[in-house]
Amino acid sequence: PLSKLAITLWSSETIRTLGLPEGEILQALGLRPRWDDGGRVVALDIVPAAELGRRRIDVVVHATGVYRDQFDGFLRLLADAVDRIVALDEPNDPVAENSRAAARRLMAEGVRAEEATALGRARIFSNAPGDYGSGLPDAVRDTAGWDDPAALADPFLDRLGYVYGAGRWGAKVEGADVFAAQLAGVQAAALSRSSNLHGVLSTDHPFEYLGGLSLAIRRAGGATPSLYITDARAGAPKTVAARGFLAAEMRSRYLNRSWIQAMQAEGYAGTLAVVDLADNLFGWQATAPGMVRADQWQALHDVYVRDERGLGVREWFEANNPSAERQVLNRLKDAVRKGFWAPD
């Protein structure tokens, strides 16, 4: 059974869904929001174990820099609630158990026992105050800079490893990786998607953060986590496997004759959307290999290089942006060189 989950929080998703990702976190931990008369959440109450009727699910939270700035109040309530859950020390409670395990790991890294015990309660991580982004997309695209994708994990852990909670707010603990200590043992990670405009391949942020968490969890010594998308696009949210979400987006959008023709009508700008597709598919492959199949690389080649749809793709590239065609070809070659795809 699931006992430890990681969730990445984006302010755009929170605003569009009116707090759906936060609701997932509270549901997992067994917390109930309390509102004031003006509709603001002013406290998080612990649902008693007997009422909850199941084990709590521990949650490690990554908050983007923008989320940290906009929803500081919720993060402070959540950090306090985790402290209180750990203090209850309920029997068979993953939150308390994982806090002790993280503390032991930190003590083994040289952290004093008292400080390690406090940091064992840390569950919220983000950039340093005033810092944004992870640097991971640029690092992934710089294919000359790495051979094993595992090398990309350490800068990700370092830049996003600032602790928000456990008596600190935006602090880095020198000589110990608190973020890695908490990610160890995470079984699943989730990201919300609520827009029909952007899925998981149209920008680099989904692989940057959800893929980045997968990379970091493996680097922290954990098994490859299951990745999920909370699909809130149709007004009836459901949780789906992230690889299935990517596959559906690939088929319905990027391999779709109508979408390609619409991009062709946009000329230069349309070619950039294809470059983004190739770059972002590569980003998923590098950070979370199970997200991408070999036949998806083959389909990208067949549609945009071999032009199996007969849409004059090469002529479109050459007339509007020959550089884009070269970038797509180079990314396909990168996939071959890194062992992601073995075409005939």
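The residue count restarts for each chain, going from 1 along the sequence in the order it is written. Where totals are concerned, whole chains, interfaces and linings use all residues; where local detail is concerned, this predicted model gives features only for residues with pLDDT of at least 70, and gives and counts side-chain atom pairs only at 80 or more. Where side-chain values are given, they derive from all heavy atoms of the structure, hydrogens and water being excluded.

Notes on the side chain of K4
Only runs of H or I of at least four residues qualify as helices and only runs of E of at least two qualify as strands under DSSP, and these elements are numbered from the N terminus. By the secondary structure assignment, K4 is in strand β1 (residues 4-9). Look at K4: it is buried, it has no salt bridge, and the nearest opposite charge is D58 at 4.8 Å. We define a polar contact as two N or O atoms separated by no more than 3.5 Å, with the added condition that, inside protein, one atom must be a possible hydrogen donor and the other a possible acceptor, whereas residues neighbouring each other in sequence contribute only through side-chain atom pairs. A distance of 2.6 Å separates a polar atom in the side chain of K4 from the backbone oxygen of Q182. Here the side chain of K4 touches A184 through a polar contact of 2.9 Å, landing on its backbone oxygen. Exposed residues in this analysis have more than 50% of their type's maximum accessible area, buried residues have under 20%, and partly exposed residues fall in between, with area computed by a 1.4 Å probe over protein chains only. For the purpose of charge, His is not counted, nor are the chain termini; Lys and Arg are scored as positive and Asp and Glu as negative. Counted as salt bridges are all cases of a side-chain nitrogen of Lys or Arg within 4 Å of a carboxyl oxygen of Asp or Glu.

Regarding the layout of surface pockets
Think of a 1 Å grid over the protein atoms and nothing else: a 1.4 Å probe that fits but is trapped marks a cavity, an open set flanked by protein within 12 Å on at least five of seven lines marks a pocket, and residues with an atom within 4 Å of a point count as lining. Grid points are joined across faces, edges and corners, and a volume is the space filled by probe spheres set on the points. The space that makes up the largest pocket amounts to roughly 340 Å³. Around the largest pocket, the lining comprises 16 residues; the ones closest to its centre are L18, G19, E22, V41 and F74. Sorting the residues of the lining of the largest pocket by element identifies α2 (20-29), β2 (31-35), β3 (41-46), α4 (65-70) and α5 (72-88) as the ones contributing at least two each. Three categories are distinguished: nonpolar for Ala, Val, Leu, Ile, Met, Phe, Trp, Tyr, Cys and Pro, charged for Asp, Glu, Lys and Arg, and polar for the others, with Gly belonging to the last. Classifying every residue of the lining of the largest pocket gives 10 nonpolar, five polar and one charged.

Looking at the pattern of salt bridges
A complete count under the given rule lists 29 salt bridges for this structure. Between R68 and D69 there is a salt bridge; the shortest N-O distance is 3.0 Å. A residue is classified by how much of its surface remains accessible, and R68, at 4% relative accessible area, is buried. Counted as one network, the salt bridges with shared partners bring together D279, R331, D334 and R337.

A word on the sheet that holds strand β7 (residues 168-171)
Here the rule is simple: two strands pair whenever DSSP picks up at least two bridges between them. If you trace the eight strands from one edge of the open sheet to the other, you get β7-β6-β5-β4-β1-β8-β9-β10, paired in mixed fashion. Since the sheet does not close on itself, it has two edges, and those belong to β7 and β10 (238-241), each with one partner. With strand direction ignored, the average angle separating the axes of adjacent strands in the sheet is 25°. Here, axes are lines fitted to C-alpha atoms. For helices the fit covers the stretch in contact, and angles between N-to-C directions go from 0 to 180 degrees.

Overview of the nonpolar core
Within this scheme, the nonpolar core is defined by two criteria: the residues are buried Ala, Val, Leu, Ile, Met, Phe, Trp, Tyr or Cys, and they are joined through side-chain atoms within 4.5 Å. Core analysis: the largest hydrophobic core is formed by 79 residues, its most contacted members being F179, L183, L201, W284, W297, L300 and Y304. Looking at this core element by element, the count peaks at nine residues for helix α14 (residues 268-287). Those residues within four positions of L201 in sequence are excluded, and the remaining contacts are L246, E249, M250, Y254, D276, L277, N280, L281 and W284. If you look at the next biggest cluster of nonpolar residues, it comprises 28 residues, including I25, L44, L75 and A190. We call two residues in contact whenever any of their non-hydrogen atoms come within 4.5 Å of each other.

Remarks on the packing of α2 against α5
Two numbers describe how α2 lies on α5: the axes approach to 12 Å, and their chain directions differ by 10°. Compared by their axis directions, α2 and α5 come out roughly parallel. Side by side, α2 and α5 meet where E22, I25, L26 and L29 of the first sit next to F74, L78, V82 and I85 of the second. Of the residues belonging to the contact of α2 with α5, the class tally is seven nonpolar, no polar and one charged. Any angle that falls under 35 degrees is termed roughly parallel, while one over 145 is termed roughly antiparallel, one within 65 to 115 roughly perpendicular, and all others oblique.

Structural notes on the environment of P48
Structurally, P48 is set in the loop between β3 and α3 (49-52). As for P48 and E90, which are separated by 42 residues in sequence, their C-alpha atoms are 9.9 Å apart.

Remarks on the side chain of D279
Relative to the helices and strands, D279 resides in helix α14. Apart from the residues within four sequence positions on either side, D279 is in contact with R141, F207 and R331.

Focus: the packing of aromatic side chains
Only Phe, Tyr and Trp rings take part, Trp by its six-membered ring, and two of them pair if their centres are within 6.5 Å. Stacked means planes under 30 degrees apart, edge-to-face means over 60, and tilted covers everything else. Tallied over the full model, the rule gives nine aromatic pairs. With 4.8 Å between their ring centres and 70° between their planes, Y254 and W259 make a pair best called edge-to-face. Under the relative-accessibility criterion, Y254 is labelled buried at 2%. Using a relative accessible area of 18% as the deciding quantity, one classes W259 as buried.

Digging into the packing of helix α16 (residues 313-320) against helix α17 (residues 322-337)
Two numbers describe how α16 lies on α17: the axes approach to 5 Å, and their chain directions differ by 125°. Considered as vectors, α16 and α17 are oriented oblique to each other. Residues R314, F317, E318 and N320 of α16 touch α17, and the partners they reach there are P322, A324 and E325. Residues of the contact of α16 with α17, tallied by class, amount to three nonpolar, one polar and three charged.

Structural notes on α17
By this rule, a helix spans an expected 1.5 Å times one less than how many residues it contains. When the terminal C-alpha atoms of α17 are compared, their 23 Å separation across 16 residues agrees well with the 22 Å that a helix rising 1.5 Å per residue should span. Turning to α17, its buried residues number three or more, namely A324, E325, V328, R331, L332, D334 and A335. Remark: G339 follows α17 within two positions and exhibits a positive phi of approximately 80°.

The analysis is restricted to geometry; functional conclusions fall outside its scope.
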